[in-house]
Amino acid sequence: GVPEVPARPVAPRRVSRQIHVGPVAVGGGAPVSVQSMTTTRTSDIGATLQQIAELTASGCQIVRVACPTQDDADALATIARKSQIPVIADIHFQPKYVFAAIEAGCAAVRVNPGNIKKFDDQVKEIARAARDHGTPVRIGVNAGSLDRRLLQKYGKATPEALVESALWEASLFEEHDFRDLKISVKHNDPVVMIEAYRQLAESCDYPLHLGVTEAGPAFQGTIKSAVAFGALLSRGIGDTIRVSLSAPPAEEVKVGIQILESLGLRQRRLEIVSCPSCGRAQVDVYKLADEVTAGLDGMDVPLRVAVMGCVVNGPGEAREADLGVASGNGKGQIFVKGEVVKTVPESRIVETLIEEAMKLAEQMK
Ligand code: SF4
């Protein structure tokens, strides 16, 4: 399960309302949740459920599925019922699918009002249906599909334009006394995105879904998302996150979890503290760190394992960790909870660390 208690939160969280996406609380001090989106055709129920199962296994807490056609809408009820995690239907152009998704029992719907013509007229009906079913709505404003009126007013998707769009759309729901909302204002430029969320955070108390849209391939997208989410979460802004990568969605979840762990917003599981190596290294640190990481993969306990290349910082870091090795002279000193428990030849470092890690994990259970 997902640890509930933050390790050492980076900053006090912004005060926000709380909504519930299925069993997952979002906002109001709830732990920041990680979500992703399937890449399968939603109408292909088997493939979609298979991908949702993989996402669930990788730690994804909420999953979104696209709903561009009637066949997709027809698949929602089965997917929502069989998924292990709450399913959000993502609707862009057709309000009729919003109603279908609510009827189908989706845990939430995402609407992009900039893309739904006559959205204003439909809000009353959407609010009524959503309230009847207890379904929250995400207002998902996206730089690429900003309301034409605002695009004309601001010339482009500025932070102010994104925020005005979101708040306008929220006000339409508020007119019908519907506040079961969360909001996103995504942009592909972290600088614009950070400013948009900062302004939005000051202007309302809705929970916020963070995302850098079209962040790019894995390497670039990971960095853009980490930088942008880090800037916001370190000010307490953000209640649920989605990392967008042009890569398999389970990768997005991995990155999202790492971001939260790095900010102390989630209890770390395994953490490898390894040195970058330098001219003093007496062992192949990269190889050793990779082998230890691979060997401990899947361990579900918050272990901090230090892998250090030499005796300069090695013993110090290894002592600070739960478990560690400091290498030198073809040998590795193995530390457990600050004490040298044994010294082994280099060839046995990895297996010894794994053995000791297993013992510690047993004790921590
Ligand atoms: Fe270099 Fe040793 Fe520091 Fe690793 S621990 S970076 S090898 S000085």
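Look a little higher up for the structure.
Note that the structure is predicted; figures quoted are calculated from it, not measured.

Describing the overall build of the protein chain
Move 1: Looking only at helices and strands, one finds twelve helices and 15 strands in the protein chain.
Move 2: In the protein chain, which comprises 365 residues, the share counted as buried stands at 53%.
Move 3: A separation of at least 24 residues holds for 63% of the contacts in the protein chain among residues at least 6 apart in sequence.

Re the packing of aromatic side chains
Move 1: In the structure shown here, the tally under the stated rule is one aromatic pair.
Move 2: Where Phe173 meets Phe178, the ring centres are 5.6 Å apart and the plane angle is 45 degrees; that geometry is what we call tilted. Pair check on accessibility: Phe173 and Phe178 agree, each one buried.
Move 3: In this structure, Arg149 packs its charged tip against the face of Trp168, placed 5.4 Å from the ring centre.

A closer look at helix H3 (residues 95–103)
Move 1: Within H3 the residues assigned to the buried category are Pro95, Tyr97, Val98, Ala101 and Ile102. Relative to the axis of H3, the buried residues are bounded by an arc of 150 degrees and lie together on one face.
Move 2: Buried residues along H3 sit against helix H2 (70–82), strand S5 (87–91), strand S6 (108–111) and helix H4 (119–133).

Details of the site of the ligand
Move 1: In the vicinity of the ligand, the contacting residues are Cys275, Pro276, Ser277, Cys278, Arg280, Ala281, Met308, Gly309, Cys310, Val312 and Asn313.
Move 2: Looking at the shell around the ligand residue by residue, the classes come out as seven nonpolar, three polar and one charged.

Things to note about a nonpolar patch on the surface
Move 1: Residues Phe219, Ile223 and Val227 make up a contiguous nonpolar surface patch of about 330 Å² in total accessible area.
Move 2: By the secondary structure assignment, Ile223 is in helix H8 (residues 218–233).

Notes on the environment of Glu103
Move 1: Mapped onto the elements, Glu103 comes out in helix H3.
Move 2: Residues Glu103 and Thr135 lie 32 residues apart in sequence; the distance between their C-alpha atoms is 9.6 Å.

Analysis parameters
- Residues numbered from 1 in each chain as written.
- Predicted model: local features only at pLDDT ≥ 70, side-chain atom pairs only at ≥ 80, totals over all residues.
- Heavy atoms only, no water.
- Helix = DSSP H or I, 4+ residues; strand = E, 2+ residues; numbered from the N terminus.
- Buried < 20%, exposed > 50% of the residue type's maximum accessible area, 1.4 Å probe, protein only.
- Contact = heavy atoms within 4.5 Å.
- Phe/Tyr/Trp six-rings, centres within 6.5 Å; stacked < 30°, edge-to-face > 60°.
- Lys NZ or Arg CZ within 6 Å of the ring centre and 35° of its normal.
- Arc of directions from axis to C-beta.
- Near = heavy atom within 4 Å.
- Nonpolar A, V, L, I, M, F, W, Y, C, P; charged D, E, K, R; others polar.
- Patch = residues over 30% accessible without salt bridge, like charges linked within 9 Å, V, L, I, M, F, W, Y side chains within 5 Å.
- Areas by Shrake-Rupley, 256 points an atom, 1.4 Å probe, with all protein chains shown as cover.
- Salt bridge = Lys/Arg side-chain N within 4 Å of Asp/Glu carboxyl O.

Note that every value here comes from positions in space, so none of it alone points to a role or purpose.
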